[in-house]
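# Secondary and tertiary structure notes
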Protein chains: 2
Amino acid sequence: MTDTEPLLLTLAAPAFDARSLRPIWKQIADRLHAACVDGRLLGDARLPGENRMAEIFGVTRVTMRRALARLQQEGVLQARKGVGIFVRPMPLRYRLDHGNRFADGLNLPGAKIGATTLTLERAQAEAEEAEALHIAPGDAVVRLTRLRAVDDAPVYLSRKTFPVATLPEFEAAYAARSSVRDVFQAHGIASYQRVQTRVSGGFASDAEAAALRLSPRMPVLRTVALNAAPDGRIIEYNLGTWPLTAVELVLTPLDPSQTGHSDAD
Amino acid sequence: MTDTEPLLLTLAAPAFDARSLRPIWKQIADRLHAACVDGRLLGDARLPGENRMAEIFGVTRVTMRRALARLQQEGVLQARKGVGIFVRPMPLRYRLDHGNRFADGLNLPGAKIGATTLTLERAQAEAEEAEALHIAPGDAVVRLTRLRAVDDAPVYLSRKTFPVATLPEFEAAYAARSSVRDVFQAHGIASYQRVQTRVSGGFASDAEAAALRLSPRMPVLRTVALNAAPDGRIIEYNLGTWPLTAVELVLTPLDPSQTGHSDAD
DNA sequence: CAGTGGTCTAGACCACATG
DNA sequence: ATGTGGTCTAGACCACTGG
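Residues numbered from 1 in each chain as written. Chains lettered and ligands numbered in written order. Predicted model: local features only at pLDDT ≥ 70, side-chain atom pairs only at ≥ 80, totals over all residues. Heavy atoms only, no water.

If you check an unreviewed UniProt entry, chain A appears there as Phosphonate metabolism transcriptional regulator PhnF from Rhodovulum strictum.

## A short note on the interface of chain B and chain A
On the chain A side, the residues contacting the 32 residues of chain B number 32 residues. Summed over both sides, the interface of chain B with chain A buries roughly 2,800 Å², with 52% coming from carbon and sulfur. Among the residues of chain B in contact with chain A, Val199, Phe203 and Arg217 of chain B are the three that bury the most area, contributing 20% of the side total. Across the chain B-chain A interface, the total number found is 6 salt bridges. Asp30 of chain A is paired through a salt bridge with Arg217 of chain B; the nearest N and O atoms lie 3.6 Å apart. Connecting chain B to chain A are 6 residue pairs in polar contact (both at pLDDT 80 or more). Of all the secondary structure elements, the ones that give two or more residues to the side of chain B that touches chain A are α4 (61–73), β8 (193–203), β9 (219–228) and β11 (247–251) of chain B. By residue number, the principal contributor to the side of chain B that touches chain A is β8 of chain B, which donates 10 residues. Among the residues forming the side of chain B that touches chain A, the class breakdown is 14 nonpolar, 8 polar and 10 charged. In this structure, strand β11 (residues 247–251) of chain A lies alongside β8 of chain B, joined through 4 bridges in antiparallel fashion. The residue bridging Leu251 of chain A from the neighbouring strand is Thr197 of chain B, located in β8 of chain B. (Contact = heavy atoms within 4.5 Å. Buried area = accessible area lost by both parts, 1.4 Å probe. Salt bridge = Lys/Arg side-chain N within 4 Å of Asp/Glu carboxyl O. Polar contact = N/O pair within 3.5 Å; in protein donor to acceptor, adjacent residues only side chain to side chain. Helix = DSSP H or I, 4+ residues; strand = E, 2+ residues; numbered from the N terminus. Nonpolar A, V, L, I, M, F, W, Y, C, P; charged D, E, K, R; others polar. Pairing = 2+ DSSP bridges.)

## Describing the packing of aromatic side chains
Following the criterion strictly, the structure yields 10 aromatic pairs over all chains and no others. Aromatic pair Phe162 of chain A and Phe170 of chain A: ring centres 4.6 Å apart, planes at 40 degrees, arrangement tilted. As far as burial versus exposure is concerned, Phe162 of chain A and Phe170 of chain A are alike and both buried. Following the ring pairs from residue to residue traces out a cluster consisting of Phe162, Phe170, Tyr174, Phe184 and Tyr192 of chain A. The aromatic ring of Phe86 of chain B is capped on one face by Arg80 of chain B, whose charged end is 5.0 Å from the ring centroid. (Phe/Tyr/Trp six-rings, centres within 6.5 Å; stacked < 30°, edge-to-face > 60°. Buried < 20%, exposed > 50% of the residue type's maximum accessible area, 1.4 Å probe, protein only. Lys NZ or Arg CZ within 6 Å of the ring centre and 35° of its normal.)

## Quick look at helix α2 (residues 24–37) of chain A
In this model α2 of chain A runs 20 Å from its N-terminal to its C-terminal C-alpha over 14 residues, within 8% of the 20 Å that 1.5 Å per residue would give. Just downstream of α2 of chain A, Gly39 of chain A is the residue with a positive phi angle, here 95 degrees. (Expected span 1.5 Å × (residues − 1).)

## Here's the deal with the sheet that holds strand β3 (residues 84–87) of chain A
Residue and element names in this part refer to chain A. Here 3 strands make up an open sheet; going across it, the order is β1-β3-β2 and the pairing antiparallel. Each end of this open sheet is capped by a strand with a single partner; those strands are β1 (46–47) and β2 (77–80). Examined bridge by bridge, β2 and β3 share 4 bridges and lie antiparallel to one another. Opposite Arg80, over in β3, you have Gly84 as the bridge partner.

Next up, the structure:
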């Protein structure tokens, strides 16, 4: 955890272009962004306080905050109230095969993959879930939320919904190894298949932001994946949320020979 | 084009919660957002100036601008310098089948679909395009940029790249009906197939922002689609850019029986 | 407690688009 | 020429987090 102040002083050294050519806050943001990308500012590094940084760059705190806000929106920095501003470890675009299990689809051989089960509870199906699962709104479902991290940086929050009618022993089967595939197998479902993937953009809810360590309303990518048993019944509705710039989803037409035996996320 | 000021007065009427419960600028943004969603503020409506709005809501212009900035980021409003602030016609999530031709995948029977060819020119393949097309960087390519709009709201900017070696008569074949499928057919390629779709998030470049009528650096969705001829050669690299909240891409495993005869976007 | 980020104000100057 | 949005300043108060 080295001191970042000397570097910032070098960033602030070159004079800024006369105002109104390019806004000062953008020029500041550009320089900080470049430093984060090329490695002069490493992941998890802590920046000086806003007052100090404003002093360093020779602007008001308000102007400094504009630059910092932009960099937060782009996922380069992340502020924590009462604590400080930190460089977000740059995932810089995992390319991952959606439809495969998380760790397999991820093209990072040396990375440390983390998985945490956040909640596992019974609930009533919401309208969209119910339609996808071919059950009635309000029917009993199991809801499982999990968080995946790469090198301790959270990159994927998933909220899976399962119909209780099809998987009555979910909790017991999941307990042993925290594996959804185990649950399916315990209910006589040996394999399953991705039948639809939807991708959309949006803005993080408070809950999503907290889990992914983002500010609320940050832009995110959302995926909805529907998995079906061999007999065609939809058995899983999976809503995934990703920081906007964390990932590049790769979707190739399914090769039937390798369909479905993985613990897909 | 009705006057929006009376409505804003009603929005500003209820007192704001004591400060520090929820920031005033968020409360203002919430009320405006709600009005845009439920139709009290219609698409393309022009709002009063920032000074006037600040007066209406009883805050400083700076605070007013924070609320407006948030709504712009979310794609609800769009400011034009020297002109005014306008309600963005709410596409509110087209659900469209990627892999089909644009108009077919779009689930809006009554909508007016627009298509504009922006540029058509020869260029040298960039690194990523070259890799995807299995040619060398710098090889001659045809680059075609088009813009699609729904009810006059631009929702999709596509930049297609084709290898000149495979499609030497591109311009001539395209001229007649501005159809890429025609170009393929003129070169003896009767059908083609989507072999890969990639989806990622990012922030609009200046060019993308201008074409889509967004502010620069607004969050966007990007798609990369690779199409191949029946013999397996990649014949099209298509980079698409969408306003973040404009669309929900639906990707279903390809049904071989209906693969490839469309003028896919 | 001290330091941090989050919010808000009052007033100013500028570049731009339109009439 | 006017009104628009875009930028910037100086100073203030608050809530949160940590030691």
